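Each chain, written out:
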Number of protein chains: 2
Amino acid sequence: MIKDICIIGAGNVASSLAPALQGAGYRITQVFSRDFDNAAQLAGKVGAEPVSRLDKLSYADMFIFSVKDNCIAQCIDCIPENLCDAVFAHTSGSVGMEVFKGKRLKHCGVIYPLQTFSKTLRIGFRDVPLLIEASDKFALEIIRSLALSVSDKVLEADSEKRKNIHLAAVFACNFTNHMYAVADKILEDKGICFDILLPLIDESVRKIHRMKPADAQTGPAVRGDANVIAEHMSMLADERLKQIYGIMTKDISEWEQ
Amino acid sequence: MIKDICIIGAGNVASSLAPALQGAGYRITQVFSRDFDNAAQLAGKVGAEPVSRLDKLSYADMFIFSVKDNCIAQCIDCIPENLCDAVFAHTSGSVGMEVFKGKRLKHCGVIYPLQTFSKTLRIGFRDVPLLIEASDKFALEIIRSLALSVSDKVLEADSEKRKNIHLAAVFACNFTNHMYAVADKILEDKGICFDILLPLIDESVRKIHRMKPADAQTGPAVRGDANVIAEHMSMLADERLKQIYGIMTKDISEWEQ
């Protein structure tokens, strides 16, 4: 089993993954962030050395890239030559294995946590599905054992499958969250607290644990209630929100199972 | 305290409300539905008489209209003359008090449960916010006491406030549910089970119990990750889904707190 892990990145994913790995018995050797303060903040939590330059990286068994998608390739290029024999993995849902192609790294892969992270909220990592992929058997075994040490839901998924899951996650997480933000704004404009919607939101989610989302649909769009729909459209002053309301309603009413 | 309640309607709301009222000690006298079988099904559960014609209604202290929004006015018109002294309330989020204007009913109001109901899933009614409104003090007290008997979250809200809450609820419940349906379809097309998204969905909701939805946003749109957004757009074959992805992404990226 490998022991020493270097975390490249100090954002939301890195800030959740690093403590989980430490809790599973790994040693976090270094935390890299271009912003030294960010590196220091996370490094402090996991007893690692903070670094803000990639040429300061020292040997570890595994390097995990938890940086913005479009920074991964650049980070790979900056890995010092003497470290290239280690195992490298990125944590992105949408970057394929091709990011490692033609680079100097021998053992590489992906460990994508299908979850929404924030620095302030701690997550029970054992429930987080981890989608893994690797360039070779050696890397796959290292990555699998690392993934299993922190999560009970480890799944192998190639880049295409992972990208589709990531796309679905954008709808199921980011776009639903945006609908909450819109609801919050509508209520705030009328001096009403968002909390009033929480039982409804909780129940909507409880439902889709038990039935297909399309079967769980309620409301004016699926009922085809033209009067309510017209009144709602007239209540929305913001053109963009009108457009969202219109297209969602049309899509719900014409949805084919 | 009033005792006898007649439920007009046998849909999702009626099917949840009637048993809750019965559990709180009210007697459900009749259940009306134009479809006798529907009436009989719900009536059987609460020990009431099923009726499929409004001229068969007999006296009750209160009549609750839980029918489609555009059927409420018509139901009001069909209430037999000798029953017009009772208290009448509808359960719609989007129909204002004006639906009772110029009608023969003396005491009327609204009891709107802010929740998504289905016939198959039972709901803990005590957590369901009930928005109430009435034409006069007498009706308000009857409606308030009935509401408090089944829920701990009873709020007075005039029609305008209630309509805005209902509009917000459409975004927070129906439109989010549609995003789940889209995610389900994307995964299904690739042979992947929707359940893989449940931990992510649960966590997204847990977040907005603790922070403002706009502050909880993650993903490519809020990060401004143009590469991922372009790739996602290219992965969506369906024009409507492309359109939804585009407008949601634009709205998230330009969102002002």
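All figures in this text were calculated on a predicted structure; none of them were measured in a lab.

Draft legend 1. Focus on the overall build of chain A. If you tally the helices and strands in chain A, you get 10 helices and eight strands. Along the first, second and third principal axes, the C-alpha atoms of chain A reach 70 × 40 × 30 Å. Accessible surface for chain A amounts to roughly 10,300 Å². Of this, 50% is attributable to carbon and sulfur atoms. Of note, chain A has its 30 positive side-chain charges centred 3 Å away from the centre of its 33 negative side-chain charges.

Draft legend 2. Expanded view of the side chain of D69 of chain B. Assignment of secondary structure puts D69 of chain B in the loop between β4 (62-65) and α3 (72-77). Side-chain polar atoms of D69 of chain B contact the side chain of S92 of chain B, separated by 2.9 Å.

Draft legend 3. The relation of the copies chain B and chain A, seen in detail. By a simple turn and slide, chain B fits onto chain A: the slide is 0.0 Å along the axis, the RMSD is 0.0 Å, and the turn is 180 degrees. Taken together, the rotation and translation describe the operation of a two-fold axis. Considering only C-alpha atoms, the part of chain B nearest the rotation axis is T176 of chain B, at 2.3 Å.

Draft legend 4. Geometry of the sheet that holds strand β8 (residues 154-156) of chain B. All names here are of chain B. Taken in spatial order, the eight strands of this open sheet run β3-β2-β1-β4-β5-β6-β7-β8, and their pairing is mixed. The open sheet terminates on both sides in strands that have one partner only, identified here as β3 (49-51) and β8. Each neighbouring strand pair of the sheet contributes to a mean axis angle of 25 degrees, computed without reference to strand direction. Packing against the sheet, helix α2 (residues 36-46) makes contact with β2 (27-32) and β3, and its axis sits at approximately 165 degrees to β3.

Draft legend 5. Highlighting the interface of chain B and chain A. With 95 residues of chain B at the interface, the matching set in chain A holds 95 residues. Across the chain B to chain A interface the summed buried area is about 9,100 Å²; carbon plus sulfur atoms make up 69%. Along the contact surface separating chain B from chain A lie 14 salt bridges. E160 of chain A is the partner of K190 of chain B in a salt bridge, and the nearest nitrogen-oxygen pair spans 3.0 Å.

Draft legend 6. Broad picture of helix α9 (residues 226-235) of chain B. Residue and element names in this part refer to chain B. All of the buried residues in α9 are V228, I229 and H232. Axial view of α9: buried residues confined to an arc of 100 degrees, hence all on one face. In α9, the exposed positions that point more than 90 degrees away from the buried face belong to A226, N227 and S234.

Draft legend 7. Highlighting the packing of aromatic side chains. Going through the model one piece at a time under the given rule, you end up with 12 aromatic pairs over all chains. Measuring from centroid to centroid gives 5.0 Å for F171 of chain A and F175 of chain A, while their planes differ by 75 degrees, and the two rings are edge-to-face. You can see F171 of chain A and its partner F175 of chain A sitting in helix α5 (residues 159-189), four residues apart, about one turn around the helix. Summarising the burial analysis for this pair, F171 of chain A and F175 of chain A share the class buried. Between F175 of chain A and Y245 of chain B the ring centres are 5.2 Å apart and the planes differ by 70 degrees, which places this aromatic pair in the edge-to-face class. Here Y245 of chain B lies in helix α10 (residues 239-253) and F175 of chain A lies in helix α5, a pairing that spans two chains. The class of Y245 of chain B is buried, set by a relative accessible area of 1%. Each residue in the set F63, F65 and F88 of chain A is aromatic and connected to the rest through ring pairs, giving one cluster.

About the cut-offs
- Residues numbered from 1 in each chain as written.
- Chains lettered and ligands numbered in written order.
- Predicted model: local features only at pLDDT ≥ 70, side-chain atom pairs only at ≥ 80, totals over all residues.
- Heavy atoms only, no water.
- Helix = DSSP H or I, 4+ residues; strand = E, 2+ residues; numbered from the N terminus.
- Areas by Shrake-Rupley, 256 points an atom, 1.4 Å probe, with all protein chains shown as cover.
- Lys, Arg positive; Asp, Glu negative; His and termini not counted.
- Charge placed at Lys NZ, Arg CZ, Asp CG, Glu CD.
- Polar contact = N/O pair within 3.5 Å; in protein donor to acceptor, adjacent residues only side chain to side chain.
- Least-squares fit on C-alpha atoms with pLDDT ≥ 70 in both.
- Pairing = 2+ DSSP bridges.
- Axes fitted to C-alpha atoms, helices over the stretch in contact; angles between N-to-C directions.
- Contact = heavy atoms within 4.5 Å.
- Buried area = accessible area lost by both parts, 1.4 Å probe.
- Salt bridge = Lys/Arg side-chain N within 4 Å of Asp/Glu carboxyl O.
- Buried < 20%, exposed > 50% of the residue type's maximum accessible area, 1.4 Å probe, protein only.
- Arc of directions from axis to C-beta.
- Phe/Tyr/Trp six-rings, centres within 6.5 Å; stacked < 30°, edge-to-face > 60°.

Function cannot be read off these values alone, since they describe shape.
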